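Next come the chains, spelled out residue by residue.
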Amino acid sequence: MTKSQFRLGIVSLLAPAMVLACGAVIAWIAQGEWPVWALWLTLTAFTVLSGVGVQWFVRGLERDLRETAQNADRISRGDANSNIPFLERPIELTALSVSLQRMVGSMRQRQTELEVLNNVLDEGLRERTQDITAIVDIGQRLGTMQDLRSLSEDILGELQKTLDYRSASIWLREQNRVVLAGFRAPGIETPSDVLGLPLSGQEAKMYTTLEKNRQAMTVNDSKRSFFDWLWAQVVQHPTTRLYENSKSWMMLPLVVHDQLIGALRVDHIEQHFFTPERERLLNAVTNQIALAVGHAQLLAQAEQVAVIAERNRIARDLHDAVSQTLFAANIVAGTVFKTFERDPEAARVQLEDLQQLNRGALAELRMLLFELRPDALEHAKLGELLRHLVDSGEGRGEMRVSLNLEQEPNLPGPAKVELYRIAQEAFNNISKHSQAKHVIITLRGTEESCELLINDDGQGFDPSQHKGGHFGLENMHSRARDIGAITTINSSTGQGTSVQVIWPVEEGKRNTWTTA
Amino acid sequence: MDNRLNPPTSSQTTQSVKILVVDDHPMIRRGIASLINASEGLECVAEAVDGIEALEVCARTQVDIVLMDMIMPRMDGASATQAIRARHPNVRVLILTSFYEQDQVQNAMRAGAMGYMLKTASADELVAAIRAAYAGQRTLAPEATEALVQATQPVGLNLTERERRILELLSEGLSNQDIADRLSITLATVKFHVTNILSKLDVSSRTEAVLLALKHRLVPSPSFR
């Protein structure tokens, strides 16, 4: 039994008792005037009526209380829409209902506030999603293997989708200087030759500061002193001119594995462009850019290492070839006098050998020098390179090699190098495996095309048995593909081998190479 | 390939030394053959392009000396030398190559080569070496001798006192930082020493260095610690 129920019980008992007492008093006053049965009747009627009245009052009170309790319960469950009945009786209940109504009022206010807050959070979430989308987009560039320059362009393009910058640039450290690796200014023509240029002294100084602090720098009210302006006019450094209208800029360090590899710089022609939100976005994006750039740098290094490793291997082979040829020449030279005394005709043949060996050694030495100076290889004529190949092949003395050079083709450097490499590979195969007696190299060139043909009369091979890595065949095909050429290898057992390279391949035939 | 069999002249039948030239470089075979044939008492009886062909020639032709290259297709010089020595104990093999790496020289000598000449030798040196081999004397090019001496030298002889101490601490499993603290030197100095130790022992990792050190007793073995 709760306290209130107990009180109600007391009230319901006390009320009839009091009414009974009142009746008794009235009966005492009216004594003797009314008949006794009338008095008793009146008393009974009073009692019954007051009992019923109290019961009715209590029931009503109970109902209000129950309703209030239910509402309070609902409020406690967070339902602010329930209406609190205004109770006039008794005074405690009135106070209770008023305080409950106040509570509901404050809850409604809280709810409105929450909705506002929610909207703010929604806005923030949208911004964050945009940030993350930008970061993910840039992150995805990680997966696509590409060179640094196009990567920088892509990153700056992605950044532009989320940040309305006037210009953005990527500076990268290259050995002991810092160069402009990427620049993007929407709507403004960028001179293409600024990429790769080292920074002017002014910007290099900024980079040094960044290097020291390793913290993003923001300048929201960039002012140029008269001397800066004058200096820029005098020096006319191309990279300084890219930033001359900037009124606010931010520079962020690109850090990979604790190493500062470069910086991201964003410029705007309005002052105070870099609000805390924009700073936050740039800070978030910078890590991704640093990762992507670091990744691309590693890839470039790996490629470079592979190229150098191959060049070293070729150089080692050539070095070995030169020393072998020179040894043979040395031995022949040491013999020729003795031979001459006994058989002058044999000595004449030996002198011819000696000449051939010397020519071969000279060619191998030239080829070796080309390997040590790769830029020289790109500038050499393909005909000259093939001539060395022929001389070195003849120098070994196992086959006759003839060169048909119809016209020196007009080839771009890399294409020339790859064609030479293909010829080297083919020659290597002939000398190692073919036992050929005669090799014919033909080079036909025009202004914009060329055909290289290497035929031998060796034992040939069955191409169906030599798929993939055998004899470096795949290597020849992939070299051709790299420069947009096509290699066709024709051979069958006992019938010699012919290697044909055609550059450039007509559209549509690309990537379809054959080993017929 | 073409095995040029020179018909022995009447004066040579009894004394001349019969030589087989094995090399995959045609001009070298040709040059050496003419050198041999121009030298008194020597005769090139056959040429071969690799080890397998050399074995075939030895099986059907009487040969006194084989002049053998090391790196060749199909069968290299060391394997061919071993096979020839096993099947024809009277045939002596003289290595003539451009390589003088320790492994190459050791392999060749283990296979039973009589001498080791380099392709920097002059015609006269070569002829002298052939004659010496026929007489049962060894000729080793200075570079080959050096390689053999290097191979027999005990490991770690060239380590300094400091390097030995660091190697000892390495074998106790200490990190570079621990070693730096223990010897009161900087971390960079420890790294410098460790790099030198690795290069002197010709190993690529600390673990390898420790294993080698324990194997050659450069450091006290763990059971005595």
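Residue positions within a chain follow its written sequence, with the count starting from 1. Naming scheme: in the order in which they are written, chains are lettered from A and ligands are numbered from 1. In keeping with the model being predicted, local features are shown solely for residues with a pLDDT of at least 70 and side-chain atom pairs are shown and tallied solely at 80 or more, while totals for entire chains, interfaces and linings include all residues. Only heavy atoms go into the side-chain values, all of them from the structure, while hydrogens and water stay out.

Trainee: Sorry, what's going on with the overall build of chain B here?
Mentor: A helix here means a DSSP run of H or I that spans at least four residues, while a strand means a run of E at least two residues long, and both kinds are numbered starting from the N terminus. If you tally the helices and strands in chain B, you get eleven helices and five strands. Note on classification: 1.4 Å probe, protein chains only; a residue is buried when its accessible area is under 20% of the maximum for its type, exposed when over 50%, partly exposed between these limits. The 225 residues of chain B split such that 49% are buried. Only heavy atoms enter the contact rule, under which two residues are in contact if any of them lie within 4.5 Å. For chain B, the share of sequence-separated contacts (at least 6 apart) that also reach a separation of at least 24 residues comes to 62%. Methods summary: accessible areas were calculated by the Shrake-Rupley approach with a probe of 1.4 Å, and residue burial reflects only the protein chains presented. When the accessible surface of chain B is summed, it comes to about 11,200 Å², and 51% of that surface belongs to carbon and sulfur atoms.

Trainee: Explain the overall build of chain A to me, please; I cannot follow it from the model alone.
Mentor: When you go through chain A residue by residue, the secondary structure sums to 13 helices and ten strands. Relative to its full complement of 516 residues, chain A shows a buried share of 40%. Contacts spanning at least 24 positions in sequence make up 66% of the contacts within chain A whose residues lie at least 6 apart. Surface accessibility of chain A: about 30,000 Å² in total, with carbon and sulfur atoms responsible for 56%.

Trainee: Please explain unusual backbone geometry as it appears in this structure.
Mentor: With the exception of glycine, the majority of residues adopt a negative phi angle, and the majority of peptide bonds are in the trans configuration. Omega for the bond connecting Trp503 of chain A with Pro504 of chain A falls within 30 degrees of zero, at -10 degrees, which places this linkage in the cis form. Relative to the assigned elements, Pro504 of chain A resides in the segment after strand 10 (497-503). Its identity as a non-glycine residue notwithstanding, Asp258 of chain A has a phi of 70 degrees, on the positive side. Inspection of the secondary structure assignment puts Asp258 of chain A in the loop between strand 4 (248-256) and strand 5 (259-268). The backbone of Arg74 of chain B shows a phi angle near 65 degrees, a positive value even though the residue is not glycine.

Trainee: Before we go on, may I ask you to explain the packing of aromatic side chains in this structure?
Mentor: A ring pair, where both rings are aromatic, is described by two values, the distance of the centres and the angle of the planes. All names here are of chain A. Classification of ring pairs uses Phe, Tyr and Trp, with its six-membered ring standing for Trp, and accepts pairs whose centres are within 6.5 Å; under 30 degrees between planes counts as stacked, over 60 as edge-to-face, and the remaining range as tilted. Taken as a whole and judged by the stated rule, the model has three aromatic pairs over all chains. Seen from their ring centres, Trp171 and Tyr243 are 6.0 Å apart, and the 70 degrees between their planes marks the pair as edge-to-face. Highlighted residues: Trp171 in strand 1 (residues 167-174) and Tyr243 in the loop between helix 7 (238-242) and strand 4, separated in sequence by 72 residues. Accessibility expressed as a relative area gives 0% for Trp171, which makes it buried. Pairing Phe273 with Phe274 gives two aromatic rings, centres 5.1 Å apart and planes at 85 degrees, and the pair type is edge-to-face. As far as burial versus exposure is concerned, Phe273 and Phe274 are alike and both buried. In this scheme, the term charge over a ring applies when either NZ of a lysine or CZ of an arginine sits within 6 Å of the ring centre and within 35 degrees of the ring normal. Taking NZ or CZ as reference, Arg265 lies 4.8 Å from the ring centre of Trp249, over its face. Over the aromatic face of Phe273 sits the side chain of Arg278, whose NZ or CZ is 4.1 Å from the ring centroid.

Trainee: Please explain the interface of chain B and chain A as it appears in this structure.
Mentor: Reports often express the size of an interface as the amount of accessible area lost when the parts come together. Taken together, the contacts link 23 residues of chain B with 21 residues of chain A. Here's the idea: put two parts together, see how much 1.4 Å probe accessible area each one loses, and the total over both is what we call buried area. Carbon and sulfur atoms supply 58% of the area buried between chain B and chain A, which totals about 1,900 Å² over both sides. The largest share of the area that chain B buries against chain A comes from His25, Met27 and Ala38 of chain B, three residues that together contribute 29% of it. Whenever Lys or Arg places a side-chain nitrogen within 4 Å of a carboxyl oxygen from Asp or Glu, that contact is recorded as a salt bridge. Where chain B meets chain A, there are one salt bridge. Within 3.5 Å is the distance limit for a polar contact, defined as a pair of N or O atoms, with the added protein rule that one can donate a hydrogen and the other accept it, and that residues adjacent in sequence qualify only through two side-chain atoms. The interface formed by chain B and chain A holds seven residue pairs in polar contact (both at pLDDT 80 or more) in total. Of all the secondary structure elements, the ones that give two or more residues to the side of chain B that touches chain A are helix 2 (26-38) and helix 6 (123-134) of chain B. For the side of chain B that touches chain A, the leading source of residues is helix 2 of chain B, giving ten residues. Residue composition of the side of chain B that touches chain A, by class: eleven nonpolar, eight polar and four charged. Side-chain classes are defined by residue name, with Ala, Val, Leu, Ile, Met, Phe, Trp, Tyr, Cys and Pro counting as nonpolar, Asp, Glu, Lys and Arg as charged, and the others, Gly among them, as polar.

Trainee: What is the right way to read the sheet that holds strand 8 (residues 450-456) of chain A from this model?
Mentor: Backbone-to-backbone hydrogen bonds pair the strands of a sheet. The strands run either parallel or antiparallel. Residue and element names in this part refer to chain A. Think of it this way: DSSP has to see at least two bridges between two strands before they count as a pair. Read from one edge of the open sheet, five strands run 6-7-8-10-9, paired in mixed fashion. Bordering the open sheet on either side are strand 6 (400-405) and strand 9 (486-491), each of which pairs with just one other strand. The average angle at which neighbouring strand axes cross in this sheet is 10 degrees, direction not considered. When strand 6 meets strand 7 (residues 438-445), the two strands line up parallel, connected through six bridges. Residue pairing for strand 7: Ser402 is matched across the bridge by Ile440. Interaxial angles span 0 to 180 degrees and are taken between N-to-C directions of axes, which are lines fitted to C-alpha atoms, for helices over the stretch in contact. Helix 12 (residues 413-434) rests against strand 6, strand 7, strand 8, strand 9 and strand 10 of the sheet, and its axis sits at about 5 degrees to strand 8. Sheet contacts for helix 13 (residues 473-482): strand 9 and strand 10; angle to strand 9, the most-contacted strand, approximately 150 degrees.

Trainee: I would appreciate a short explanation of the side chain of Thr325 of chain A in the present structure.
Mentor: Looking at the secondary structure, you find Thr325 of chain A in helix 8 (residues 276-342). A residue is classified by how much of its surface remains accessible, and Thr325 of chain A, at 1% relative accessible area, is buried. Beyond its immediate sequence surroundings of up to four residues, Thr325 of chain A is in contact with Leu357, Gly360, Ala361 and Glu364 of chain A together with His25 of chain B.

Trainee: Would you explain the packing of helix 9 (residues 176-183) of chain B against helix 10 (residues 187-201) of chain B in this entry?
Mentor: Two quantities define a packed helix pair, namely the angle between the helix axes and the distance between the axes. Residue and element names in this part refer to chain B. Between helix 9 and helix 10, the least distance of the axes is 9 Å, while the angle of their chain directions is 110 degrees. In this view, helix 9 runs roughly perpendicular relative to helix 10, as classed from their interaxial angle. The two elements helix 9 and helix 10 cross, and the hand of that crossing is right-handed. Across the interface between the two elements, Asn176, Gln177, Ile179 and Ala180 of helix 9 pack against Leu187, Val190, Lys191 and Val194 of helix 10. Of the residues assigned to the contact of helix 9 with helix 10, the class counts are five nonpolar, two polar and one charged. Orientation labels follow simple angle bins: below 35 degrees gives roughly parallel, above 145 gives roughly antiparallel, 65 to 115 gives roughly perpendicular, and whatever is left gives oblique. Crossing handedness: left-handed means the near helix sits turned counterclockwise from the far one by under a right angle, and right-handed means the same turn made clockwise.

Trainee: For this particular structure, what's the right way to read the environment of Ala347 of chain A?
Mentor: Residue and element names in this part refer to chain A. Residue position: Ala347 is located in helix 9 (residues 344-372). Take Ala347: its relative accessible area is 2%, and that puts it in the buried class. Among residues more than four places away in sequence, those in contact with Ala347 are Val336, Thr339 and Phe340.

Trainee: I tried to follow the confidence of the model for chain A on my own but got confused; where do I start?
Mentor: Atomic detail in the predicted coordinates should be set aside for any region of low pLDDT. Scored by pLDDT, chain A comes out at a mean of 81, with 89% of its residues at no less than 70. This model gives residues 508-516 of chain A a pLDDT under 50, and the stretch forms 21 contacts once residues within four places in sequence are excluded. Each residue carries a pLDDT score, the predictor's own confidence in it, on a scale running from 0 to 100.

Trainee: In this structure, what is going on with a nonpolar patch on the surface? I would like to understand it.
Mentor: Residue and element names in this part refer to chain A. A contiguous nonpolar surface patch, about 800 Å² in accessible area, is contributed by Phe226, Phe227, Trp229, Leu230, Trp231, Val234 and Val235. If you trace the backbone, Trp231 turns up in helix 6 (residues 226-235). Judged by relative accessible area, which is 58%, Trp231 ranks as exposed. Each patch is built from salt-bridge-free residues with over 30% relative accessible area, joining like charges within 9 Å and nonpolar side chains (Val, Leu, Ile, Met, Phe, Trp, Tyr) within 5 Å.

Trainee: Could you clarify how one ought to interpret the nonpolar core in this entry?
Mentor: If you look at soluble globular proteins, the nonpolar side chains tend to sit buried side by side. Judged by nonpolar contacts, the single largest core of 44 residues is most densely connected at Leu382, Leu386, Leu419, Ile441, Leu452 and Ile454 of chain A. Sort the elements by how many residues they give to this core and helix 12 of chain A lands first, with nine residues. Throughout, nonpolar core names a set of buried Ala, Val, Leu, Ile, Met, Phe, Trp, Tyr and Cys residues whose side chains join them through atoms within 4.5 Å.

Trainee: Teacher, can you tell me more about the sheet that holds strand 5 of chain A here?
Mentor: Residues and elements named next belong to chain A. Pairing is antiparallel in the open sheet, where five strands are placed in the order 2-1-5-4-3. Because the sheet does not close on itself, it has two edges, and the strands there are strand 2 (177-184) and strand 3 (217-219). Averaged over all pairs of adjacent strands, the angle between their axes in this sheet comes to 20 degrees, without regard to strand direction. Seen against the sheet, helix 4 (residues 148-162) touches strand 1, strand 2 and strand 5 and runs at an angle of roughly 50 degrees to strand 2. The sheet strands contacting helix 5 (residues 201-213) are strand 1, strand 2, strand 3, strand 4 and strand 5, and the helix crosses strand 5 at an angle near 125 degrees.

Trainee: What should I look at first to understand the environment of Tyr420 of chain A in this one?
Mentor: Residue and element names in this part refer to chain A. Structurally, the position occupied by Tyr420 is in helix 12. Note: C-alpha distance between Tyr420 and Leu382 (38 residues apart in sequence) is 6.9 Å. With residues near it in sequence (within four places) discarded, Tyr420 still touches Met367, Glu371, Leu377, Leu382 and Leu385.

Trainee: Please clarify how the confidence of the model for chain B should be interpreted in this entry.
Mentor: Residue and element names in this part refer to chain B. Scored by pLDDT, chain B comes out at a mean of 86, with 92% of its residues at no less than 70. Taken together, the stretch residues 1-13 has pLDDT below 50 and engages in 21 contacts with residues farther than four places along the chain or on a different chain. Model confidence for the complex is summarised by a pTM of 0.60, with the ipTM given as 0.71.

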